[in-house]
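Structural description and commentary
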Amino acid sequence: MAAATSGAVLNGLGSSFINGGKKSQALLAGTNRVTSSKKSVVVAALPPKKSWIPAVKGGGNLINPEWLDGSLPGDYGFDPLGLGKDPAFLKWYREAELIHGRWAMAAVVGIFVGQAWSGIPWFEAGADPGAIAPFSFGSLLGTQLLLMGWVESKRWVDFFNPESQSVEWATPWSRTAENFANATGEQGYPGGKFFDPLCLAGTIKDGVYIPDTEKLDRLKVAEIKHARLAMVAMLIFYFEAGQGKTPLGALGL
């Protein structure tokens with residue numbers, strides 16, 4: 001009898017006469033209700049996934065891939081090639097996107113500031129006779145492959161074995177292991193006094209870095225958006241360089 005009564009009440013709440021129309025019905029539809037003979041528990045539903053083409057409904061996995069659930073920062077369901085179907089690959093691709101985006105942001109700023117200061121195109125700066133330490137293209141490439149190869153190998157190992165690279169390897173007077181430890185517990189976002197000296201995503205209390213989850217989540221989305229924009233900008237810079245042009249030249253500066 002009690003179960004039938006509860007069902008009747010829920011059906012009544014779902015009627016357009018009581019809830020006032022489609023908008024209220026949608027709100028009720030977004031709520032999961034668990035009923036029993038003794039009590040009723042209301043559980044709020046997850047917010048809807050954002051789409052990279054909001055105006056298009058449907059489209060299957062091209063518009064709304066089932067393997068992207070919106071939990072990643074900046075996830076708008078864009079994966080037309082299905083690269084993230086495998087959870088392990090999805091994790092690695094996000095790590096790669098984040099790292100490439102950070103390098104791209106640094107490069108975009110360096111290209112504009114470097115050329116504005118020296119007047120030398122960014123793709124000729126390393127070999128210019130007026131440079132602080134001029135190198136040939138081969139020397140620059142070899143040096144970069146050597147140094148970046150070492151850094152990337154360390155990151156590769158740390159990706160599969162988190163915090164394994166946080167060891168005392170620098171100067172004896174520096175507590176390096178503590179500085180390079182992951183203060184947030186999230187891959188790719190180490191935080192801490194060394195990586196977040198301005199405390200943009202946390203606070204320091206009694207000398208200990210305490211991450212702020214709300215700030216960190218907001219900054220994650222802002223960072224990945226800027227990172228993607230910077231990577232697109234760098235792609236444009238490469239096309240310009242192939243024609244002997246620079247970003248400042250393209251802007252008429």
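The protein is annotated in an unreviewed UniProt entry as Chlorophyll a-b binding protein, chloroplastic of Citrus sinensis. Regarding the protein, the UniProt comment filed under Function (unreviewed entry) reads as follows: "The light-harvesting complex (LHC) functions as a light receptor, it captures and delivers excitation energy to photosystems with which it is closely associated." In UniProt, the protein has this text filed under Subcellular location (unreviewed entry): "Plastid, Chloroplast thylakoid membrane".

1. Overview of the overall build of the protein
Within the protein, the secondary structure is distributed over nine helices and four strands. The proportion of buried residues among the 253 residues of the protein is 21%. A separation of at least 24 residues holds for 43% of the contacts in the protein among residues at least 6 apart in sequence. On the protein, roughly 17700 Å² of surface is accessible, and the fraction owed to carbon and sulfur atoms is 66%.

2. Focus on helix H4 (residues 87–118)
In a regular helix each residue adds 1.5 Å, so 32 residues correspond to 46 Å; H4 covers 46 Å between its end C-alpha atoms and thus fits that length. By the burial criterion, the buried members of H4 are Arg-94, Glu-95, Ala-96, Leu-98, Ile-99, Gly-101, Ala-104, Val-108, Ile-111 and Gln-115. The inward-facing, buried residues of H4 abut helix H5 (137–160), helix H8 (213–242) and helix H9 (247–250). Directly after H4, the chain includes Gly-119, whose backbone phi takes a positive value near 80°.

3. Here's the deal with the UniProt feature "binding site: chlorophyll a" (unreviewed entry) in the protein
In the numbering used here, UniProt assigns the feature "binding site: chlorophyll a" (unreviewed entry) to Glu-97, His-100, Arg-102, Glu-223 and Arg-228. Taking the farthest pair of C-alpha atoms as the criterion, the annotated set spanning 132 residues converges on one region, since that pair is 11.9 Å apart. Looking at the secondary structure, you find Arg-102 in helix H4. Taking the relative accessible area as the measure of exposure, Arg-102 reaches 27% and is therefore partly exposed. Secondary-structure assignment places Arg-228 in helix H8. On the basis of relative accessible area, Arg-228 is assigned to the partly exposed category, the value being 26%. With near-sequence residues (within four places) excluded, Arg-228 lies in contact with Pro-73, Gly-74, Tyr-76, Arg-94 and Glu-97. At 2.8 Å, the side chain of Arg-228 and the backbone oxygen of Gly-74 are in polar contact.

4. Let's talk about the packing of H4 against H5
Contact geometry of H4 with H5 gives a least axis separation of 12 Å together with a crossing angle of 145°. In the packing of H4 onto H5, the handedness of the crossing is right-handed. On H5, the residues that touch Lys-91, Trp-92, Glu-95, Ile-99 and Trp-103 of H4 are Met-148, Glu-152, Arg-155, Trp-156 and Phe-159. Looking at the contact of H4 with H5 residue by residue, the classes come out as six nonpolar, no polar and four charged.

5. Here's the deal with the pairing of strand S4 (residues 208–211)
Where strand S3 (residues 202–205) meets S4, four bridges bridge the pair, whose relative direction is antiparallel. Residue pairing in the sheet places Ile-204 in a bridge with Tyr-209 of S4. The loop that links S3 with its antiparallel partner S4 comprises two residues; one of these, Asp-206, has a positive phi angle of about 55°.

6. Observations regarding unusual backbone geometry
Although it is not a glycine, Cys-199 sits at a positive phi angle of roughly 55°. Along the chain, Cys-199 turns up in the loop between helix H7 (192–195) and S3. Owing to a relative accessible area of 21%, Cys-199 belongs among the partly exposed residues under this scheme. Despite not being glycine, Asp-206 has its phi angle at roughly 55°, a positive value. On the secondary structure map, Asp-206 appears in the loop between S3 and S4. Asp-206 gets classed as exposed once you look at its relative accessible area, which sits at 73%.

7. With respect to the nonpolar core
Residues Ala-104, Val-108, Ile-111, Ala-230, Ala-233, Met-234 and Phe-237 constitute the largest nonpolar core, which totals seven residues. Secondary structure elements with two or more residues in this core: H4 and H8. Residue contacts for Met-234: discarding those within four places in its chain leaves Ala-104, Ala-107, Val-108 and Ile-111.

8. Observations regarding a nonpolar patch on the surface
A surface patch of nonpolar side chains, amounting to about 440 Å² of accessible area, comprises Leu-81, Leu-83, Phe-89 and Tyr-93. Among the secondary structure elements, Leu-83 is positioned in the loop between strand S2 (40–44) and H4.

9. Digging into the pattern of salt bridges
With the rule as written, the count across this model stands at seven salt bridges. Residues Glu-97 and Arg-228 are paired through a salt bridge, measuring 2.7 Å at the closest nitrogen-oxygen approach. Separated by 131 residues along the polypeptide, Glu-97 in helix H4 and Arg-228 in helix H8 bring together distant segments of the chain. As a salt-bridge pair, Glu-223 and Arg-102 come within 2.7 Å of each other at their nearest N and O atoms. With a gap of 121 residues between them, Glu-223 in helix H8 and Arg-102 in helix H4 connect regions that are remote in the sequence. One continuous salt-bridge network, built from bridges that share partners, spans Arg-94, Glu-97 and Arg-228.

Definitions and limits used
Each chain has its residues counted from 1, following the order in which its sequence is written. With pLDDT at 70 or above as the cut-off, local features in this predicted model cover only qualifying residues; side-chain atom pairs require 80 or more to be listed or tallied, and sums for whole chains, interfaces and linings still use all residues. Side-chain measures here rest on the full set of heavy atoms in the structure, leaving out hydrogens and waters. UniProt positions are given in the numbering used here, feature names are shortened, and annotations may be inferred rather than shown by experiment. The helix count covers DSSP runs of H or I at least four residues long, the strand count covers runs of E at least two residues long, and both are numbered beginning at the N terminus. The classification of residues rests on relative accessible area computed with a 1.4 Å probe and restricted to protein chains. Under 20% of the type maximum is buried, over 50% is exposed, and intermediate values are partly exposed. Contact definition: two residues touch when any of their heavy atoms are within 4.5 Å. Each accessible area is a Shrake-Rupley estimate made with a 1.4 Å probe; only the visible protein chains count as cover when residues are assessed. Between the first and last residue of a helix there are one fewer steps than residues, each counted as 1.5 Å, and that sum is the expected span. We call two N or O atoms a polar contact when they sit within 3.5 Å, provided that within protein one can donate a hydrogen and the other can accept it, with sequence-adjacent residues counted only if both atoms are side-chain atoms. Note on definitions: angles span 0 to 180 degrees between N-to-C directions of axes, and those axes are lines fitted to C-alpha atoms, for helices only across the stretch in contact. Handedness of a crossing follows from how the near helix is turned relative to the far one, being left-handed for an anticlockwise turn of less than a right angle and right-handed for a clockwise one. Throughout this entry, Asp, Glu, Lys and Arg are counted as charged residues, while Ala, Val, Leu, Ile, Met, Phe, Trp, Tyr, Cys and Pro are counted as nonpolar. The remaining residues, Gly among them, count as polar. Strands are treated as partners if at least two bridges between them are detected by DSSP. The definition of a nonpolar core used throughout is a set of buried Ala, Val, Leu, Ile, Met, Phe, Trp, Tyr and Cys residues joined through side-chain atoms within 4.5 Å. Note on patches: the residues involved have over 30% relative accessible area and no salt bridge, like charges join within 9 Å, and the nonpolar side chains Val, Leu, Ile, Met, Phe, Trp and Tyr join within 5 Å. Basic side-chain nitrogens of Lys or Arg form a salt bridge, by our definition, when they fall within 4 Å of a carboxyl oxygen of Asp or Glu.

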